[in-house]
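# Structure at a glance
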Amino acid sequence: MLLVLAATAFLTIFLALPLAVVFAEAFRQGLRAYLSAIGQREVLSAIRLTLLVAAISVPLNVVFGVAAAWAIARFEFRGKALLGAFIDLPFSVSPVISGLVYVLLFGAQGWFGHWLELHDVKIIFAVPGLVLATIFITLPFVARELIPLMQSQGRDEEEAARVLGAGGWQMFFRVTLPNIRWALLYGVLLCNARAMGEFGAVSVVSGHIRGLTTTMPLEVEMRYNEYDYVGAFAVATLLALLALATLAIKALLEWRYGDEIAAHAPGGH
Amino acid sequence: MRRRILPGFGLSLGYALTYLGLIVLLPLVALAWKASGIGITGMLHLLSSPRTLAALKLSFGGAMLAASINVCFGLLVAWVLVRYRFPGRRLFDALVDLPFALPTAVAGIALTALYAPNGWLGRWLMQWGIKIAYAPPGVILAMVFVGFPFVVRTLQPVLESLDRDVEEAAESLGASHVQTFIRVILPMLVPTLMTGFALALARAAGEYGSVIFIAGNIPMRSEIAPLLIVEKLEEFDYAGAAALGTVMLLASFALLILIAVLQRWSGRWAEQLE
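Residues numbered from 1 in each chain as written. Chains lettered and ligands numbered in written order. Predicted model: local features only at pLDDT ≥ 70, side-chain atom pairs only at ≥ 80, totals over all residues. Heavy atoms only, no water.

Okay, the overall build of chain A next. Scanning chain A from terminus to terminus reveals 13 helices and zero strands. Secondary structure elements in chain A, listed N-terminal to C-terminal, are α-α-α-α-α-α-α-α-α-α-α-α-α. Based on the C-alpha atoms only, the size of chain A along its principal axes is roughly 65 × 65 × 30 Å. For chain A, the residues scored as buried account for 55% of the 269 residues in total. For chain A, the proportion of contacts with a sequence separation of at least 24, taken over those separated by at least 6, is 73%. With an accessible surface of roughly 12,000 Å², chain A has 65% of that area assigned to carbon and sulfur atoms. (Helix = DSSP H or I, 4+ residues; strand = E, 2+ residues; numbered from the N terminus. Buried < 20%, exposed > 50% of the residue type's maximum accessible area, 1.4 Å probe, protein only. Contact = heavy atoms within 4.5 Å. Areas by Shrake-Rupley, 256 points an atom, 1.4 Å probe, with all protein chains shown as cover.)

Structure representation (C-alpha cells):
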C-alpha cells in the first residue's frame, strides 16, 4: 500500500499539478480576462494556422504510414530493417535540428534558397516551412502503429481475397483497411496531437510573424516572453484541452479495441 | 520462388522510399554537407569553445541523469499500475501519457509557473534553499517530465507477462519480498529498463520546448545545446548551427548504438537466468 501511495503522490505532483496550474494561471484575473485573451484576432489566426498545418501533414503521413507498413509487413526484401530504422529516425532527432535542416535547404543561404528567391517562392518563414517541419517530426507515428499490427495479422486474409478474385484496391478497402482501422485511428490521434503541439521545429522555420506564421504553441511562447501571462496561459488551456481530449480518446480506444490495436506478440512469453 | 499473390509491392515501397528520401534523408544530407563546410579546424574551434562544451554537457549529461531518474520512478509507477488494484488506477494510468500529449511549450510554462521562486512549489522549496527554475535543476526536471512515459510504457507489457511461478518459487525457498524483487525480478527487467532508458535519453537530449522556459538560459550554466543552435541561426551562422546539429546527431546515435549493444548483451544474460 505504501508503494501505491508513493506512486500516486508522484503522479499527482509531477503530472497532474502542471496541468492544474495551466488553468489556474489562465483564470487568475477572472473569466472576462480569459475570454478577452482568447478572443483576440492573433489567437484566432493561430488556431486557424495550427488546424491548417495539421490538416496537411497528418493525411500525408497517413498515406506514407500505410504504404510503408504494407511494404514492410507483407513482403520480404533486403534492407527492411534499415528502412524501419530510418522511419524511426525523426524520433531521435532534436526538434530544433528538424527545423534547422529545412532552413539549410530552403533558407536564403540554403541549397535552393537562390532559386526560390528568383521564382518568388517562400518556404522558410512561411506556411510551407511549418508544414515540412511538422511532417518530419510526426512521420513515424502512423507507420509505427501499423507495422507490428500488420506483421502479427499475417497475409492470409489478403491472399484469400486475391485468390477469390479481388482486385488490388478492392482487397485493400474490403480486407486490409477494416483490419487496421482502429490502429490507424490510434496512430492518427497521436500524430495529430504532436502536429498541433509541435514547438521546437516550427519555431525554427516560423520567423514568428504575428498573424501569419505563428501556430498556437508559438503564440504561447510570444505572449509569455512579452509578460502577457494570462494570454499565454489562456492559449495554453486550449492546447491542454486538446491533450486531455487526446488522452481520453486514446484510453477509450485502448479499452474498447485494445486487441485490434496492439500486435499480439508471436508465441507469447 | 513463389509468385507474389499480393499486389502493390513496387508502388508502396517506391512511395515510402521517395517520401522518406525527400522528407528525411535529403535534409539530413544538407545538414552534413553544410557542417562539413567549416572544415576540421572550424569544427575543432567550435568544439573547443567553452560555451558549446558546457551546452553539450548539460544536454547530454542532464539527459543521462533525467533518464536515470525516470528509470527509478518509471519502475515504481509501472509496478504499482500492473500489480495493484486501487481506486482511480485507470485515471492514473491514462495520466502517464500526459507528457506525450501536452505540447512542450505548455509543459514548459506550466513547470516554470510551479517551480519559479514565487510559484506554488517553488516558494516552498525556496525556504529550504532549493532553487529549481532558472537553474540547472530546472533543466533536469523538464527532461524528466518529457521522458517519463517512455520508461513506464516500455515496462508495463513486460511486467504483465512476467511469470509469477519464479517469484513464488523464490518466496517458498525463504526469500523476502525485497530479496525476490532485487535478485529475481530486477535482473529479468534489465533489458527492458535499458530500452526505456534509451528512449527517455534520446528524447531528453534533444528537448527544447519544455526546457527553455524553465532553464533561465544562462550561458555556461543553464543553456542547452538546441538553444545554442537556435542562437547561431539567429546570428545567420548557418555553418556553425549545422556543425553543432551534426555533433548532436552523432552523439545521439553513438549513445543509442552503445545502449543497443548493452541491451543485446544483457538480454542474453537475462535469458540465461530464466
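Before going further, it helps to examine the overall build of chain B. The helix and strand tally for chain B stands at 13 helices and zero strands. Helices and strands in chain B line up, N terminus first, as α-α-α-α-α-α-α-α-α-α-α-α-α. For chain B, the C-alpha atoms occupy an extent of roughly 75 × 65 × 35 Å along the three principal directions. Classification of the 274 residues of chain B by burial places 53% in the buried group. The long-range share in chain B, meaning contacts at least 24 apart out of those at least 6 apart in sequence, stands at 75%. On chain B, roughly 12,900 Å² of surface is accessible, and the fraction owed to carbon and sulfur atoms is 67%. Of the side-chain charges in chain B, 20 are positive and 16 negative, and the distance between the mean point of each set is 4 Å. (Lys, Arg positive; Asp, Glu negative; His and termini not counted. Charge placed at Lys NZ, Arg CZ, Asp CG, Glu CD.)

With that settled, the discussion passes to the interface of chain A and chain B. Each partner contributes to the interface: chain A provides 84 residues, whereas chain B provides 84 residues. Carbon and sulfur atoms supply 82% of the area that chain A and chain B bury against each other, a total of about 7,500 Å² over both sides. Run the count over chain A and chain B and you get one salt bridge. Summed over the shared surface of chain A and chain B, the number is six residue pairs in polar contact (both at pLDDT 80 or more). Top element by residues in the side of chain A that touches chain B is helix H1 (residues 2-26) of chain A. It accounts for 20 residues. Looking at the side of chain A that touches chain B, its residues break down into 63 nonpolar, 11 polar and 10 charged. (Buried area = accessible area lost by both parts, 1.4 Å probe. Salt bridge = Lys/Arg side-chain N within 4 Å of Asp/Glu carboxyl O. Polar contact = N/O pair within 3.5 Å; in protein donor to acceptor, adjacent residues only side chain to side chain. Nonpolar A, V, L, I, M, F, W, Y, C, P; charged D, E, K, R; others polar.)

It is generally the case that most residues other than glycine have a negative phi and that most peptide bonds are trans. Residues and elements named next belong to chain B. Even without a glycine there, the phi angle at Tyr134 is positive, about 65°. Even without being glycine, Met220 reaches a positive phi, approximately 75°. In this structure Met220 comes out as partly exposed when scored by relative accessible area, which is 49%.

As a further point, take the nonpolar core. In terms of nonpolar packing, the biggest core is built from 189 residues, with Tyr102 of chain A together with Tyr115 of chain B touching the most fellow members. Residues Tyr186, Leu253, Tyr257 and Ile261 of chain A belong to the second largest nonpolar core, which totals five residues. (Core = buried A, V, L, I, M, F, W, Y, C linked by side-chain atoms within 4.5 Å.)

Okay, helix H12 (residues 216-225) of chain A next. Residues and elements named next belong to chain A. Within H12, nine of the 10 residues are buried, which leaves it mostly tucked inside the rest of the structure. Within H12, the full set of buried residues consists of Met216, Pro217, Leu218, Glu219, Val220, Glu221, Met222, Arg223 and Tyr224. Following H12 by one or two positions, Tyr227 adopts a phi angle in the positive range, close to 65°.

What follows is about the side chain of Glu25 of chain A. The residue Glu25 of chain A is located in helix H1 in this model. Note on Glu25 of chain A: relative accessible area 11%, which makes it buried.

Residues and elements named next belong to chain A. Tallied over the entire structure, the rule returns 17 salt bridges over all chains. Its salt-bridge partner being Glu158, residue Arg74 comes within 2.6 Å of it at the nearest N-O pair. Of this pair, Arg74 sits in helix H3 (residues 41-74) while Glu158 sits in helix H9 (residues 156-163), and the two are 84 residues apart along the sequence. Residue class for Arg74 comes out buried when judged on its relative accessible area of 1%.

Another aspect to go through is the packing of H1 of chain A against helix H6 (residues 104-115) of chain B. Across the interface, H1 of chain A lies against H6 of chain B with an axial gap of 9 Å and an inter-helix angle of 90°. Between H1 of chain A and H6 of chain B, the angle falls in the class roughly perpendicular. In this structure, H1 of chain A contributes Ile13, Leu17, Pro18, Val21, Val22 and Glu25 of chain A to the contact, and H6 of chain B contributes Val106, Ala110, Leu111, Ala113, Leu114 and Tyr115 of chain B. Residues that form the contact of H1 of chain A with H6 of chain B fall into these classes: 11 nonpolar, no polar and one charged. (Axes fitted to C-alpha atoms, helices over the stretch in contact; angles between N-to-C directions. Parallel < 35°, antiparallel > 145°, perpendicular 65-115°, else oblique.)

Our focus in this paragraph is the packing of aromatic side chains. Here the structure, examined in full by the defined rule, presents 29 aromatic pairs over all chains. Note on Phe14 of chain A and Phe148 of chain B: the rings are 6.4 Å apart at their centroids and 75° apart in plane angle, and the pair reads as edge-to-face. In this pair, Phe14 of chain A is assigned in helix H1 and Phe148 of chain B in helix H8 (residues 136-160), connecting two distinct chains. Where Phe75 of chain A meets Phe9 of chain B, the ring centres are 4.7 Å apart and the plane angle is 55°; that geometry is what we call tilted. One end of the pair, Phe75 of chain A, is in the loop between H3 and helix H4 (80-88); the other, Phe9 of chain B, is in helix H1 (residues 9-36), on a second chain. The buried category is assigned to Phe75 of chain A, whose relative accessible area is 3%. Classification of Phe9 of chain B by relative accessible area gives buried; the value is 18%. Connected via pairs of aromatic rings, a cluster forms that spans Phe199, Tyr224, Tyr227 and Tyr229 of chain A together with Tyr208 and Phe213 of chain B. (Phe/Tyr/Trp six-rings, centres within 6.5 Å; stacked < 30°, edge-to-face > 60°.)

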